[in-house]
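# Residue-level structure breakdown
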Amino acid sequence: MTEFATVERAGPQTLIQDRGRRGQQHLGVSVSGSADARAAGWANYLLQNPASAALLEICLGPFALRFSRSTVFAVTGADCGWQLNGQPLANWSTHTAPEGSVLEGSIARSGLRSYLALAGGILTPPVWGSRATSVGERLGGIDGRPLAEGDRIPYDAVAPRRSTQTPPDYVREYPHQIRLRVVPSNQFTQFAGGERQRFFAGVYRVSPQSDRMGVRLAGEALREVPANLVSEAVSPGVIQVPSNGQPIVLMCDCQTIGGYPKLGHVYRVDLDWLAQVRPGDRVQFVPGNLAEAQAELLQQKRFFGVE
Amino acid sequence: MQITDAGDESITIYLAETPGEEALARVTQMAALIRAQMADVITDLVPSYCSVTVYYDLLRCDYATVKERLQALMQESSDSNGEKSSAESAEGRLVELPVYYGAEVAPDLERVAADAGLDIDGAIAMHSGAEYRVYALGFRPGFAFMGMTPEPLRAPRLENPRPRVAAGSVAIAGAQAAVYPDACPGGWNILGRCPVKLFDRASNPPQVLLQVGDRVRFAPVTRAKFLELGGVLDD
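Residues numbered from 1 in each chain as written. Chains lettered and ligands numbered in written order. Predicted model: local features only at pLDDT ≥ 70, side-chain atom pairs only at ≥ 80, totals over all residues. Heavy atoms only, no water.

With that out of the way, let us pick up the overall build of chain B. Helix and strand counts for chain B stand at five helices and 15 strands. Expected size for 235 residues packed as a compact globule is a radius of gyration near 18 Å; at 20 Å, chain B falls within 12% of this value. With respect to the principal axes defined by its C-alpha atoms, chain B has extents near 55 × 40 × 35 Å. Looking at the 235 residues of chain B, the share that counts as buried comes to 56%. (Helix = DSSP H or I, 4+ residues; strand = E, 2+ residues; numbered from the N terminus. Rg over C-alpha atoms; globule rule 2.2 N^0.38 Å. Buried < 20%, exposed > 50% of the residue type's maximum accessible area, 1.4 Å probe, protein only.)

For the rest of this paragraph, the subject is the packing of aromatic side chains. Here the structure, examined in full by the defined rule, presents 23 aromatic pairs over all chains. Consider the rings of Phe 303 of chain A and Phe 304 of chain A, whose centres lie 5.1 Å apart with planes at 75°: the pair is edge-to-face. Considering the side-chain rings of Phe 139 of chain B and Phe 143 of chain B, the 5.0 Å spacing of their centres and the 85° angle between planes classify their relative orientation as edge-to-face. Residue class for Phe 139 of chain B comes out partly exposed when judged on its relative accessible area of 32%. (Phe/Tyr/Trp six-rings, centres within 6.5 Å; stacked < 30°, edge-to-face > 60°.)

This next bit is on the sheet that holds strand E4 (residues 51-56) of chain B. Residue and element names in this part refer to chain B. Spatial strand order, E1-E2-E4-E3: four strands in an open sheet with antiparallel pairing. In this open sheet, the two edge strands, each paired with only one partner strand, are strand E1 (2-7) and strand E3 (42-47). The average angle at which neighbouring strand axes cross in this sheet is 20°, direction not considered. By the bridge criterion, five bridges tie E3 to E4 in an arrangement that is antiparallel. Each bridged residue has a counterpart across the sheet, and for Ile 42 the counterpart in E4 is Tyr 56. Packing of helix H1 (residues 21-37) onto the sheet brings it into contact with strand E2 (10-14), E3 and E4, and relative to E4 it is tilted by some 20°. (Pairing = 2+ DSSP bridges. Axes fitted to C-alpha atoms, helices over the stretch in contact; angles between N-to-C directions. Contact = heavy atoms within 4.5 Å.)

With the exception of glycine, the majority of residues adopt a negative phi angle, and the majority of peptide bonds are in the trans configuration. The linkage connecting Gly 61 of chain A with the following residue, Pro 62 of chain A, adopts the cis geometry, with an omega of 5°. Tracing the backbone shows Pro 62 of chain A in the loop between strand E3 (55-59) and strand E4 (63-67). Cis geometry is found at the peptide bond from Asn 204 of chain B to Pro 205 of chain B, where omega equals 0°. Note on placement: Pro 205 of chain B falls in the loop between strand E13 (199-200) and strand E14 (207-208). Although it is not a glycine, Arg 138 of chain A adopts a positive phi angle of roughly 50°. The residue Arg 138 of chain A is located in the loop between strand E10 (113-118) and strand E11 (152-156) in this model. On the basis of relative accessibility, which here comes to 45%, the residue Arg 138 of chain A falls in the partly exposed class.

Each partner contributes to the interface: chain A provides 39 residues, whereas chain B provides 43 residues. Inspection of the region where chain A meets chain B yields three salt bridges. Viewed at the interface, chain B and chain A are joined by 19 residue pairs in polar contact (both at pLDDT 80 or more). Looking at the side of chain A that touches chain B element by element, the count peaks at seven residues for helix H4 (residues 290-304) of chain A. (Salt bridge = Lys/Arg side-chain N within 4 Å of Asp/Glu carboxyl O. Polar contact = N/O pair within 3.5 Å; in protein donor to acceptor, adjacent residues only side chain to side chain.)

A separate point is the domain arrangement of chain A. In many reports, interface size means the accessible area that the parts give up when they come together. Residue and element names in this part refer to chain A. Taken domain by domain, chain A comprises domain 1 (2-170) and domain 2 (177-304). Relative placement of domain 1 and domain 2: their C-alpha centres are 27 Å apart. Contacts between the two partners involve 31 residues from domain 1 and, on the opposite side, 17 residues from domain 2. Surface buried jointly by domain 1 and domain 2 totals about 1,800 Å² across both partners, of which 51% is contributed by carbon and sulfur atoms. Among the residues of domain 1 in contact with domain 2, Ala 35, Tyr 45 and Arg 113 are the three that bury the most area, contributing 24% of the side total. On inspection of domain 1 and its partner domain 2, the count reaches one salt bridge. (Domains from an automatic or database assignment. Buried area = accessible area lost by both parts, 1.4 Å probe.)

Residue and element names in this part refer to chain A. Strand order in this open sheet of five strands is E2-E3-E10-E5-E8, and the pairing throughout is antiparallel. Looking at strand neighbours, the two that pair on one side only are strand E2 (13-17) and strand E8 (93-97), the edges of this open sheet. Neighbouring strand axes in the sheet, compared pairwise and without regard to direction, differ in orientation by 25° on average. Pairing analysis gives five bridges linking strand E5 (residues 71-77) to E8, with the strands arranged antiparallel. Within E8, the position partnered with Thr 71 by the bridge is Ala 97. Here helix H1 (residues 37-46) sits on the sheet in contact with E3, E5, E8 and E10, set at roughly 155° to E5.

Moving on: helix H4 (residues 120-129) of chain B. Inspection of H4 of chain B places Ala 123, Ile 124, His 127 and Ser 128 of chain B among the buried residues, and these make up the whole buried set. In a view along the axis of H4 of chain B, the buried residues occupy a sector of 120°, so they form one face of it. (Arc of directions from axis to C-beta.)

With that out of the way, let us pick up the pattern of salt bridges. Applying the stated criterion to the full structure yields 30 salt bridges over all chains. Arg 138 of chain A serves as the salt-bridge partner of Asp 182 of chain B, at 3.5 Å between the closest nitrogen and oxygen. With one member in each of two chains, Asp 182 of chain B in the loop between strand E10 (176-179) and strand E11 (184-186) and Arg 138 of chain A in the loop between E10 and E11 form a pair that bridges those chains. Lys 301 of chain A is the salt-bridge partner of Asp 57 of chain B, the closest N and O atoms lying 2.8 Å from each other. One end of the pair, Asp 57 of chain B, is in the loop between E4 and helix H2 (63-91); the other, Lys 301 of chain A, is in helix H4, on a second chain. Note on Asp 57 of chain B: relative accessible area 15%, which makes it buried. A cluster of three or more residues bridged by salt bridges with shared partners is formed by Glu 57, Arg 113, Arg 212 and Asp 253 of chain A.

Right, let's talk about the state of the cysteines for a bit. With the rule as written, the count across this model stands at zero disulfides over all chains. Not engaged in a disulfide, the cysteine Cys 194 of chain B finds its nearest cysteine sulfur in Cys 184 of chain B; these two sulfurs lie 15 Å apart. (Disulfide = S-S within 2.5 Å.)

Right under this line is the structure:
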């Protein structure tokens, strides 16, 4: 049965997300989906929701949601000090909201994105099979936009479930400095040897211009950047280097083709860390390989389930 | 031809060095072959100017197998190349797009015409006299990169992109041509406005008009016809 929860505080950017919109990239439609797929995966997993269930991605907070009927939910990702009717709640856990209760999160203490899943999953209308919100494309979610105060979020109210939490070893805190593993691209050797060393030796700061399309980095610029390419497909994780020599790591809302030269791509599983950095945080890159990137991604996909 | 990984779950095949009719023929042929024979493993297939990128799901197929199957298709495609590919792609669907070239919706037409040494009617005749090809879709849903704009009209991108370009704006940048499917920021020169929706988000699923390989002609229409066809002036 469909129930509704009401947004009382929307925060700077709260989005309905799921695993993303596939099969339409040839039309120029980006994949979107949860930026931190691992934290989102845990929220659904704890509730025994399908892995494809839609949930809320809350960027920074503050955020508040009122439940008109008793509902089981899960919170994961950045810890924004969740409270239910004023009582503190554990992150990375399921909880039960009594009828008429208000769930509130404040500004996250560390990390950037919190995930809130409702048992049964959010039921806004899918677009090309996905409920993911793409703000730039105005697709998915509620009218393709971030949530606003007063929005009513439809969800599938299901029977109460046993409360559970992510095992402590799998709970993440999000640090201010991260290392990302990189699979070098076929264009990697077009960058001079010295520039490649500079890239892996550098410590980059996350620029405030970062968003779900790409994380822009600022550090010692690469000096000799190869010329632009004939545009070809790009996807989340790709590291583009425009002529200013400052790398951009593409994120889940990135465009589908691009012509900047590429150093390589960040492991998909490491993008879950990158999704949680804030402006001013530090990023370093280390060389990796495709086999390792795929093995870890496959393990994550198998764990969270096919459906 | 070259094949390489492009992401944890993607592989790119390069089929030509430079964009053009021959590259397009190989790209559309390869894309059709992959679509027909690898539907069981691909999740997305993105053709571009000189390459095709295949997205797959590691839960369904491993990298080595996808790569092997693609290599077999590349072999098949190159074996048959000489005979039919260029003939086949020379076809392509013809799409005629009406364009209203009135000054109220064409902020750059006068300048582009002057730079080409033409009067406005001459520039319209040249722009609408050419046939364009869709080489790639990207930038935004339904945004088709077309070419080639006739040499004299080729104007570089604006130094300061506009914060908002109206939906339907018919634009050029260098040798490229496009129609903005949606209102968005943009740096191309705007020559007119098209009343036809290139991206219709109101239908479910949304509809996208143009596909890679399509042939496009722009047909000048009057202001009255533009409005009759559903065009919007004050966007």
